Amino acid sequence: MVPRVFKTRRLPLPITPVEEFYIEDYSGPPKSLRQGADRWQLTVKGKVDHPLTLNYRQILARPSVKRIITLNCIGNPVGGRAIGNAEWQGIPLKDLIDEADPHFFSNTLIIRAEDGYFESIPLRKARHPGALLATKMNGQPLTLNHGYPLRLLIPGLYGIKQMKWIKEIEVANHRPKGYWHKKGWSKQAKVKIISRIDLPENNEVLRSRQTVIRGIAFAGDRGIQYVQVSIDGEKTWALADLEKPLSPYTWVFWKFPCTFHKPGRTRIAVRAADQYSGLQQDDLRDPFPSGTSGIHRIEVMVS
Ligand SMILES: Nc1nc2c(c(=O)[nH]1)N[C@H]1C(S)=C(S)[C@@H](COP(=O)(O)O)O[C@H]1N2
Ligand SMILES: [Mo]
């Protein structure tokens, strides 16, 4: 799993421009969609009373909503940039599922995409009030790289569940392993708490003893409760200031104004807590198999 990242600025913008948004897929955009979506259609089928087939025009004609949702790749390493935030527009997944009217005993959605990728999601998760079948990203039709004509977003889950180029949604009562799940990655793919230092950068030389440390923190749909920063080799921690997130499903920007007491090499670390499970733990630093919540540490030279 090797996401393509585009680091064009030191501190990210609250909404990631499309050209800077990381890209991850196992074999690139499907050929069938390169000429447009004229022949594309979405089918909702399986254990439902009202199977549906919708073409692109019909999907665009439906009432749509806008949601700001951050996407994080399960393979994103500690301090990594395979995370981005966008305003997505489309139809709530829940509305489409309800319209198809799943049978009482069904419990799973199997979602298939034009590139052969597929994933399964518990029906309960798919009914998340924030889950969206998006046609637009930051006000523009989705680009081919980001899932044109239709992609899924489910707050609280890693990118592996956020299918691009969707063509089929099957309601079922069995749970097949998804593409990455077969390769040993997490089946649930629930996002872990992460926090990252963006400014200063690792090994930067600081000309002044006074500085403002900045970065982001993210915990899916669980919200960030607080962020703590340490500038003394993790002996003590102090609270950072949080900006109000753009939605309940996005990253949070934090800042930490501070004064270093002595010159020389200084270690900076950050950790965050979500609203439910408490403080970020450092025990799982390897993104495989279920994402990392390792603590981001950098070293700077204070002159
Ligand atoms: N159809 C399809 N959807 C996919 C993938 C894929 O390979 N095929 N990769 C997933 C992974 S691993 C991630 S992290 C996100 C990345 O979305 P992005 O490329 O728009 O940033 O897409 C997900 N959706
Ligand atoms: Mo990913």
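Cut-offs and rules
Residues numbered from 1 in each chain as written. Chains lettered and ligands numbered in written order. Predicted model: local features only at pLDDT ≥ 70, side-chain atom pairs only at ≥ 80, totals over all residues. Heavy atoms only, no water. Salt bridge = Lys/Arg side-chain N within 4 Å of Asp/Glu carboxyl O. Helix = DSSP H or I, 4+ residues; strand = E, 2+ residues; numbered from the N terminus. Buried < 20%, exposed > 50% of the residue type's maximum accessible area, 1.4 Å probe, protein only. Pairing = 2+ DSSP bridges. Phe/Tyr/Trp six-rings, centres within 6.5 Å; stacked < 30°, edge-to-face > 60°. 1 Å grid on protein atoms, 1.4 Å probe; cavity = no way out; pocket = protein on both sides within 12 Å on 5 of 7 lines; lining within 4 Å. Points joined across faces, edges and corners; volume = space filled by probe spheres on them. Nonpolar A, V, L, I, M, F, W, Y, C, P; charged D, E, K, R; others polar. Near = heavy atom within 4 Å. Polar contact = N/O pair within 3.5 Å; in protein donor to acceptor, adjacent residues only side chain to side chain. Areas by Shrake-Rupley, 256 points an atom, 1.4 Å probe, with all protein chains shown as cover. Sits in = over half its atoms within 2 Å of the grid points. Contact = heavy atoms within 4.5 Å.

Asks: Would you mind showing me how to read the pattern of salt bridges here?
Replies: Close approach of charged atoms lets side chains of opposite charge pair. Scanning all chains against the criterion turns up 19 salt bridges. D98 is paired through a salt bridge with K94; the nearest N and O atoms lie 2.9 Å apart. Note that D98 and K94 are positioned in helix α2 (residues 93–100) at a spacing of four residues, about one turn of the helix. One salt bridge connects R112 with E168, and the closest N-O pair in it is separated by 2.6 Å. Residue R112 is located in strand β5 (residues 108–113), and its partner E168 is located in strand β10 (residues 166–172); the two are separated by 56 residues in the primary sequence. Judged by relative accessible area, which is 27%, R112 ranks as partly exposed. What emerges from the salt-bridge pattern is a single network uniting K7, R10, E201 and E204.

Asks: What should I look at first to understand the sheet that holds strand β17 (residues 252–259) in this one?
Replies: To summarise the sheet geometry, strands pair through backbone hydrogen bonds and adopt either a parallel or an antiparallel arrangement. Overall, antiparallel pairing links the four strands, which are arranged β11-β13-β17-β16 in an open sheet. Only two strands of the sheet have a single partner each, and these edge strands are β11 (194–199) and β16 (241–242).

Asks: Sorry if this is basic, but what is going on with the packing of aromatic side chains here?
Replies: The relative placement of two aromatic rings is captured by the distance of their centres and the angle of their planes. Going through the model one piece at a time under the given rule, you end up with eleven aromatic pairs. Between W251 and F253 the ring centres are 5.6 Å apart and the planes differ by 85°, which places this aromatic pair in the edge-to-face class. Exposure remark for W251: the relative accessible area of 4% places this residue in the buried category. Judged by its relative accessible area of 11%, F253 is buried. Each member of the aromatic cluster is reached from another via a ring pair, and the members are Y26, Y117, Y179 and W180.

Asks: Please clarify how the layout of surface pockets should be interpreted in this entry.
Replies: Counted as a void, the largest pocket has a volume near 240 Å³. What lines the largest pocket is a set of 13 residues, among which I231, D232, F260, K262 and T266 lie closest to the centre. Residues that form the lining of the largest pocket fall into these classes: three nonpolar, five polar and five charged.

Asks: I keep staring at empty space enclosed by the protein and nothing clicks. Help me out?
Replies: Space left empty within the atom packing is revealed by a probe, the size of a water molecule, rolled over the atoms. One pass over the structure, following the stated rule, counts three cavities of 30 Å³ or more. Of the volumes computed, that of the largest cavity is approximately 230 Å³. Lining the largest cavity are 20 residues, and of these E24, R151, G159, Q162 and K164 sit closest to its centre. Looking at the lining of the largest cavity, its residues break down into twelve nonpolar, three polar and five charged. There is about 160 Å³ of room inside the second largest cavity. Forming the walls of the second largest cavity are 15 residues, and the residues nearest its centre are F6, P12, T16, E20 and R81. A per-class count over the lining of the second largest cavity returns nine nonpolar, two polar and four charged.

Asks: Sorry, what's going on with the site of ligand 1 here?
Replies: Residues in contact with ligand 1 amount to 20 residues; listed here are only the nearest, Y22, D115, H146, R151 and K164. Within the backbone of Y22, an N or O atom sits 2.6 Å from an oxygen atom of ligand 1. At 3.0 Å, a backbone N or O of Q162 approaches a nitrogen atom of ligand 1. Here ligand 1, which alone exposes 530 Å², has 100% of that area covered by the protein. More than half of the atoms belonging to ligand 1 lie within 2 Å of the grid points that define the largest cavity.

Asks: Would you mind going over the side chain of D198 with me for this structure?
Replies: Position of D198 among the secondary structure elements: in strand β11. A distance of 2.7 Å separates polar atoms of two side chains, one belonging to D198 and the other to R196. Not counting the four nearest positions on each side in its chain, D198 is found in contact with R10, L11, P12, R81, R214, G215 and I216.

Asks: For this particular structure, what's the right way to read the pairing of strand β19 (residues 296–302)?
Replies: Walk down a regular strand and you will see the side chains alternate between the two sheet faces. Along β19, the buried face is formed by H296, I298, V300 and V302; none of R297, E299 and M301, which line the opposite face, is buried. Alignment of strand β12 (residues 205–206) against β19, held across two bridges, turns out to be parallel. The residue of β19 that forms the bridge with L206 is V302. The pairing of strand β18 (residues 264–274) with β19 spans seven bridges and is antiparallel. Counted as the bridge partner of A269 is R297 from β19.

Asks: I would appreciate a short explanation of unusual backbone geometry in the present structure.
Replies: Peptide bonds are trans in most cases, and residues, glycine excluded, mostly fall at negative phi. Backbone torsion omega between Y148 and P149 reads 5°, so that peptide bond is classified as cis. Residue P200 is bonded to the preceding L199 through a cis peptide linkage, with omega at -5°. Mapped onto the elements, P200 comes out in the loop between β11 and β12. Here D101, not a glycine, exhibits a phi torsion of approximately 65°, which is positive. Considering the arrangement of structural elements, one finds D101 in the loop between α2 and β5. The phi dihedral of N138 falls on the positive side, at around 50°, and the residue is not glycine.

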